[in-house]
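Structural description and commentary
Each chain, written out:
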Amino acid sequence: MSSTSQQKSSLSSSLFSAQGMVITGIVWAVLALLFFLLFSVTVEGEELPLWYSIGTYVFELGAFLAAAIVCYRNWQSPQMVSGRNVWLCIGLGVFFYFVGGVLFGVWELVWHLDPAVSIADAFYVLSYIFLGAGMILAVLSKRVDLEIAQWIALLGVAVAGTAFGLWVASPTFFGLLGSPEPVAIEQPVAKASVPSTVASAPKSAPKLEKPGAKTQAAAEIEPKDETTSAPLWVEALDSKLEPLEFGVNLFYIIGDVFLLILATALILAFWGGRFSQSWRMIAFAIFSLYIADMYFKWADSRLQGEYESGGLLEVFFVFTGVLFAVGAILEYDISTRSRQSRRGRRTAKG
């Protein structure tokens, strides 16, 4: 009995060790990548199955929940070299992202709603605020003495990130580079060349659609069936939040670029040294979040709100949660081991 209990304790200790948890995070990320690669592509005209959408949420939310737990452990430990407040902010950031993802999933999968702004956005906004605060505290905890080339790199990241974010959010933002004249010319020609008898024909003629697309009658009926599954207060809340769409989208663009700049500053500030590995993971988590968020905005803007979540590049949302968790695990391991080694040296000297 004693040998069996010892084996169980050794197994649990190995699983919950830093190495075991990091390996678990890597396995989770690989499984998520395989899941997205194998099942994210469907036949044209067909929607993604419900079980696949649920699976994407399980991988994403599981990663962010695990990251919140290990960040909470870091905040509870007084041994953290970078400070407890850093991990409190980062932990709250990933936790609010988890809550926002849960609410977004309920709106999408349970009630079949796709509002411009929902209550989930409130938690996403809080997530950006706390992640930014945590990363600012992390940068300030180390004296940043950047060279001129590094400041230029930060400026380049800021300009490129802002331009790309604006282009993704609004494809016509840089429309001044194009010429709108052909549209103005084609419109009157089309009107002049179409007889009046033909112009009235579409009222009774069938409308041509892509294979697998919904007919107009079905499109008019289905939203009613879908919206009836949501409570009235949800629809009323979504309608009240709709005017905030521009401001919320602008905040996301600014937040993505701001976090991207902070991630670059983290890499430059913590390059080399004992604690560089953990903060590299945090910076890579922000890069991953930027990629996933830009892809989501790009797909949604190009498909005019008809984008169905679950695309291949959304796997970077999973990578974001995993990288946050791995960074927190490495920071905890290095901080506790460094303190233990110091105590051991003091004892040996005594």
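Structural notes, computed from the coordinates. Position labels on residues start from 1 in each chain and follow its written sequence. A pLDDT threshold of at least 70 governs which residues receive local features in this predicted model, and a stricter bar of 80 or more applies before side-chain atom pairs are shown or counted, although totals over entire chains, interfaces and linings include all residues. Only hydrogens and water are set aside when side-chain values are computed; all heavy atoms of the structure are taken into account.

Considerations on the overall build of the protein chain
Put simply, the rule is: Going along the chain from the N terminus, every DSSP run of H or I of four or more residues is numbered as a helix, and every run of E of two or more is numbered as a strand. The classification of residues rests on relative accessible area computed with a 1.4 Å probe and restricted to protein chains. Under 20% of the type maximum is buried, over 50% is exposed, and intermediate values are partly exposed. Residues count as neighbours in contact if any of their non-hydrogen atoms are within 4.5 Å of one another. The protein chains shown are the only cover counted for residues, whose accessible areas, like all others here, come from Shrake-Rupley with a 1.4 Å probe.
Within the protein chain, the regular secondary structure consists of 13 helices and 0 strands. Going from N to C terminus, the protein chain has its helices and strands arranged as α-α-α-α-α-α-α-α-α-α-α-α-α. The proportion of buried residues among the 350 residues of the protein chain is 37%. The long-range fraction of contacts in the protein chain, counting pairs at least 24 apart against all pairs at least 6 apart in sequence, stands at 79%. Just so you have it, the protein chain exposes about 20,700 Å², and 68% of that area is on carbon and sulfur atoms.

Observations regarding the side chain of Thr320
What counts is decided by this rule: Polar contacts here mean pairs of N or O atoms no more than 3.5 Å apart (in protein, one a potential hydrogen donor and the other a potential acceptor; neighbouring residues in sequence count only if both atoms are side-chain atoms).
Counting through the fold element by element, Thr320 comes out in helix H13 (residues 315–349). Overall, Thr320 belongs to the buried group, its relative accessible area being 0%. Only 2.7 Å separates the side chain of Thr320 from the backbone oxygen of Phe316, close enough to count as a polar contact. The contact partners of Thr320, leaving out residues within four places of it in the chain, are Phe64, Ala285, Ser288 and Leu289.

Describing a nonpolar patch on the surface
Note the threshold: The residues that make up patches have over 30% relative accessible area and no salt bridge, and they are joined within 9 Å when like-charged or within 5 Å when they are Val, Leu, Ile, Met, Phe, Trp or Tyr. For this document, the term salt bridge refers to a Lys or Arg side-chain nitrogen within 4 Å of an Asp or Glu carboxyl oxygen.
On the surface, a cluster of nonpolar side chains totalling about 1,100 Å² of accessible area is made up of Ile23, Ile26, Val27, Val30, Leu31, Leu33, Leu34, Leu37, Leu38, Phe39, Trp51 and Leu312. Top contributing element to the nonpolar patch by residue count: helix H2 (residues 18–39), with 10 residues. Its location among the elements puts Val30 in helix H2.

Here we look at the nonpolar core
Here is the rule we go by: Among buried residues, those of type Ala, Val, Leu, Ile, Met, Phe, Trp, Tyr and Cys that are joined through side-chain atoms within 4.5 Å constitute a nonpolar core.
In this structure, Trp87, Ile90, Leu259, Leu266, Trp279 and Phe324 are the most contacted members of the largest nonpolar core, which totals 67 residues. For this core, the elements supplying multiple residues, two or more each, are H2, helix H3 (50–76), helix H4 (84–110), helix H5 (119–141), helix H11 (245–269), helix H12 (276–302) and H13. The biggest single contributor to this core is H13, with 12 residues. With residues near it in sequence (within four places) discarded, Leu266 still touches Met135, Ala138, Val139, Trp271, Trp279 and Ile282. Trp107, Trp111, Ala230 and Val234 belong to the second-largest nonpolar core, a separate cluster that totals 5 residues.

Here we look at unusual backbone geometry
Excluding glycine, a negative phi dihedral is what most residues carry, and trans is how most peptide bonds are arranged. In this structure, His112 takes a positive phi of about 55° despite not being glycine. Counting through the fold element by element, His112 comes out in the loop between H4 and H5. The partly exposed category is assigned to His112, whose relative accessible area is 42%.

Some thoughts on the packing of H5 against H11
This is how the line gets drawn: Orientation is described by lines fitted to C-alpha atoms, with helices fitted over the stretch in contact, and by angles between N-to-C directions that extend from 0 to 180 degrees. Angular relationships are summarised with four words: roughly parallel below 35 degrees, roughly antiparallel beyond 145, roughly perpendicular across 65 to 115, and oblique for the angles in between. Here is the rule for handedness: rotate from the far helix to the near one, and if that takes an anticlockwise turn smaller than a right angle the crossing is left-handed, while a clockwise turn gives right-handed. For this classification, the nonpolar set comprises Ala, Val, Leu, Ile, Met, Phe, Trp, Tyr, Cys and Pro, the charged set comprises Asp, Glu, Lys and Arg, and every other residue, Gly included, is treated as polar.
At a closest axis distance of 10 Å, the pairing of H5 and H11 adopts a crossing angle of 25°. What the angle tells us is that H5 and H11 run roughly parallel. Of the two elements, H5 crosses H11, and the hand of that crossing is left-handed. Residue-level inspection shows Asp121, Tyr124, Val125, Tyr128, Ile129, Leu131, Gly132, Met135, Ile136, Ala138 and Val139 of H5 in contact with H11, the latter providing Val248, Phe251, Tyr252, Gly255, Asp256, Phe258, Leu259, Leu262, Ala263, Ala265 and Leu266. Its residues assigned to classes, the contact of H5 with H11 comprises 18 nonpolar, 2 polar and 2 charged.

Concerning H5
What counts here: Take the residue count of a helix, subtract one, and multiply by 1.5 Å to get its expected span.
End to end, H5 covers 34 Å across 23 residues, agreeing with the expected 33 Å (1.5 Å per residue, within 8%). Residues Ala120, Asp121, Tyr124, Ser127, Tyr128, Leu131, Gly132, Gly134, Met135, Ala138 and Val139 constitute the buried set of H5.

Concerning the environment of Ala138
Relative to the helices and strands, Ala138 is located in helix H5. Residues Ala138 and Phe270, spaced 132 residues apart in sequence, show a C-alpha to C-alpha distance of 9.6 Å. Apart from residues lying up to four places away in sequence, Ala138 is in contact with Val86, Leu266, Phe270 and Trp279.

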